[in-house]
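# Remarks on the overall topology
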Amino acid sequence: MQIVSQLLFFAALAAAVFFFSRRAAGIRRNILLGRDIDLTDQPGRRWNNLLLLAFGQKKMFRNPLVAVLHFFVYAGFVIINLEILEIMIDGLAGTHRIFAPVLGPVYPVLIGCFEILAVLVAVSCAIFLIRRNILKLKRFISHDLDGWPRSDANYILITEIVLMLLFLTMNTADGVLQSRGAAHYTETGSFWVTGMFQPLFEGFSDSTLVGIERGAWWLHILGILAFLNYLPWSKHLHIILAFPNAYFARLEPNGKMENMPAIQQEVLYAMQPELAPTDTSAAEVPKFGAKDVHDLTWKNLLDAFSCTECGRCSAACPATQTGKALSPRLIMMKTRDRAEAAGRGEADKTLLRDYITEEELRACTSCGACVQECPVSINPLDIIFQMRRHLVMEESSAPQEWTLMFSNIENNMAPWKSSPDERDAWIHA
């Protein structure tokens, strides 16, 4: 019977790894649809961002209470999953708590810490559910999240609570079986949290307790393997992508715009014609801005797949808050959706207009609040800039007010209609 259990575990593990790897390869392919960009400069600053923003969650601590709760969930995800290593070895080898004899008295302390974290994770997730569904914070009831995105967050929180309860149930039954000297249940001593609940299980027979412990063990590990494969389809993919996204974050000041070298060169040639090359037949015509995901950089697409859909960007956006069509969160969600569609070979649509409208792009004030607020260093502003650049420079599409301003700058070297010679006339008025 034991060999059957091992084979079933191996099959479940292999299937989970296979499907996760296939999905991860698809996400990587979709991200690499974007054009190349070199983000390997200043490695010291990049590692600093990785440690502070991804591991340390620096931006989250602007709201200390929420940050602490989120940190509990984050720490639980990272640390409790170390216990998964033991479960996997036990499942493949047919052993039970294989690390207990090796770690000796340290083992119950370690499991006790895991149990405390499990309780904190469950409580934090419950509070997050209350914030989303009972208190209904404004950024969680936005129409941005209508449909699947809103359900997705709730499913994940509920799943995490269930997984933690299964872990605690497994340990409680295990502790009672240990105290009774049941076969194969290594004596480790009472655990810190579940030890208090063992009296609730004392009335059960050994066979019932084994059924509870094994059932919780299987549901716990199968739930984690299912969670592993749900993760890449969910907004919670940021659990993984937040780390590379923080490392490759933009290092320039938020308000600094990226100039196009080809345009700068043309301006230079206009001012100094003698520098212009005589043979321009082989010169490649530059592409201005972005119309589809292929025109964006791979970092823009990494941003889109890293989005947590938390809505902090939209909550800080003056355009969103004054009822304009723009929502930075929705810009990232639409970019991700288009990258997925493009990765499937759908070429009949483009990011511009089919997913993101001109009205959304023109509502942006370029203030950079969305970039400042994002806890995982996502930059919606860069996508907006590139798409607006395409509209203006490729399609000559701009509001009348913008066109007038462009004309004034070209003719008068200032946004105003008056010529430079008349600019001080107001002094004598």
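Glancing now at the environment of N408. Looking at where N408 falls in the secondary structure, it is placed in helix α19 (residues 400–412). Excluding anything up to four places from it in sequence, N408 contacts M413, A414, P415, W416 and K417.

Quick look at a nonpolar patch on the surface now. Together, I3, V4, L7 and L8 give the surface a local cluster of nonpolar side chains, amounting to about 390 Å² of exposed area. Here L7 shows up in helix α1 (residues 2–31). On the accessibility criterion, L7 (54% relative accessible area) is exposed.

Evaluation of the coordinates by the stated rule reveals 12 aromatic pairs. A centroid spacing of 5.7 Å and a plane angle of 40° characterise the contact between F9 and W217, whose relative ring orientation is tilted. With a gap of 208 residues between them, F9 in helix α1 and W217 in helix α8 (residues 206–230) connect regions that are remote in the sequence. Among the residues examined, F9 registers a relative accessible area of 1% and is labelled buried. With a centroid separation of 5.2 Å and an interplanar angle of 90°, the aromatic rings of F248 and W298 are classed as edge-to-face. Placement of F248 in the loop between α9 (238–247) and α10 (261–271) and of W298 in helix α11 (residues 298–306) is noted, with a sequence separation of 50 residues between them. Of note, R132 hangs over the ring of F140, and the distance from its end group to the ring centre comes to 4.1 Å.

Turning our attention to the packing of α11 against helix α14 (residues 328–343). The interhelical angle for the contact between α11 and α14, taken along N-to-C directions, is 110°, at an axis separation of 8 Å. As the angle between them shows, α11 and α14 are arranged roughly perpendicular. Contacts between α11 and α14 involve N300, L301, D303, A304 and F305 from the first element and M332, T335, R336, A339 and E340 from the second. Here the residues of the contact of α11 with α14 are counted per class, giving 5 nonpolar, 2 polar and 3 charged.

The next thing to look at is the pattern of salt bridges. If you walk through the whole model with that rule in mind, you get 18 salt bridges. Taking the shortest distance from any N to any O, the salt bridge between K299 and D303 comes out at 2.5 Å. Placement of both K299 and D303 in helix α11 is noted, with a separation of 4 residues, approximately one turn of the helix. Neither K299 nor D303 differs from the other in exposure class; each is buried. Residues participating in the shared-partner salt-bridge network are R353, E358, R362 and E395.

With that settled, consider the confidence of the model for the protein chain. Of the residues in the protein chain, 98% reach a pLDDT of 70 or more, and the chain-wide mean stands at 90. When mean pLDDT is compared element by element in the protein chain, α11 scores highest at 97, while α10 scores lowest at 78.

Looking now at the side chain of S377. By secondary structure assignment, the location of S377 is in the loop between α17 (369–373) and α18 (380–393). Discounting chain neighbours no more than four positions away, the residues touching S377 are L53, N245, A246, A249, K299 and D303.

Turning next to the nonpolar core. Grouped together as the largest cluster of nonpolar side chains are 40 residues, with contacts concentrated most on F305, L326, I331, M332, L361 and M387. Counting only elements with at least two residues in this core, the list comes to α1, α9, α11, α14, α15 (351–354), α16 (358–363), α17 and α18. Excluding residues that lie within four positions of it along the chain, M387 makes contacts with A290, L351, L352, I356 and L361. Within the second largest apolar cluster, 37 residues are counted, among which are V73, A100, C125 and I221.

Here we take up the state of the cysteines. Taken as a whole and judged by the stated rule, the model has 0 disulfides. Unpaired in terms of disulfides, C310 finds its nearest cysteine sulfur in C313, a separation of 6.2 Å. Taking relative accessible area as the criterion, C310 reaches 13% and is therefore assigned buried. Unpaired in terms of disulfides, C367 finds its nearest cysteine sulfur in C317, a separation of 6.1 Å.

Turning to α18, a few remarks are in order. With 14 residues, α18 should reach 20 Å at 1.5 Å per residue; the first-to-last C-alpha distance of 20 Å fits that figure. Listed in full, the buried residues belonging to α18 are P380, L381, D382, I383, I384, F385, Q386, M387, R388, H390 and L391. Close packing links the buried residues of α18 with α11, α14, α15, α16, α17 and α19.

Taken N-terminus to C-terminus, the directions of helix α6 (residues 106–133) and helix α7 (residues 148–179) make an angle of 150°; their axes are 9 Å apart at the nearest point. Considering their axes alone, α6 and α7 lie roughly antiparallel with respect to each other. Read as a crossing pair, α6 and α7 show a hand that is left-handed. Here the contact of α6 with α7 is composed, by residue class, of 17 nonpolar, 3 polar and 3 charged.

Calculation rules
- Residues numbered from 1 in each chain as written.
- Predicted model: local features only at pLDDT ≥ 70, side-chain atom pairs only at ≥ 80, totals over all residues.
- Heavy atoms only, no water.
- Helix = DSSP H or I, 4+ residues; strand = E, 2+ residues; numbered from the N terminus.
- Contact = heavy atoms within 4.5 Å.
- Patch = residues over 30% accessible without salt bridge, like charges linked within 9 Å, V, L, I, M, F, W, Y side chains within 5 Å.
- Areas by Shrake-Rupley, 256 points an atom, 1.4 Å probe, with all protein chains shown as cover.
- Salt bridge = Lys/Arg side-chain N within 4 Å of Asp/Glu carboxyl O.
- Buried < 20%, exposed > 50% of the residue type's maximum accessible area, 1.4 Å probe, protein only.
- Phe/Tyr/Trp six-rings, centres within 6.5 Å; stacked < 30°, edge-to-face > 60°.
- Lys NZ or Arg CZ within 6 Å of the ring centre and 35° of its normal.
- Axes fitted to C-alpha atoms, helices over the stretch in contact; angles between N-to-C directions.
- Parallel < 35°, antiparallel > 145°, perpendicular 65-115°, else oblique.
- Nonpolar A, V, L, I, M, F, W, Y, C, P; charged D, E, K, R; others polar.
- pLDDT = per-residue confidence, 0-100.
- Core = buried A, V, L, I, M, F, W, Y, C linked by side-chain atoms within 4.5 Å.
- Disulfide = S-S within 2.5 Å.
- Expected span 1.5 Å × (residues − 1).
- Left-handed = near helix turned anticlockwise from the far one by under 90°.

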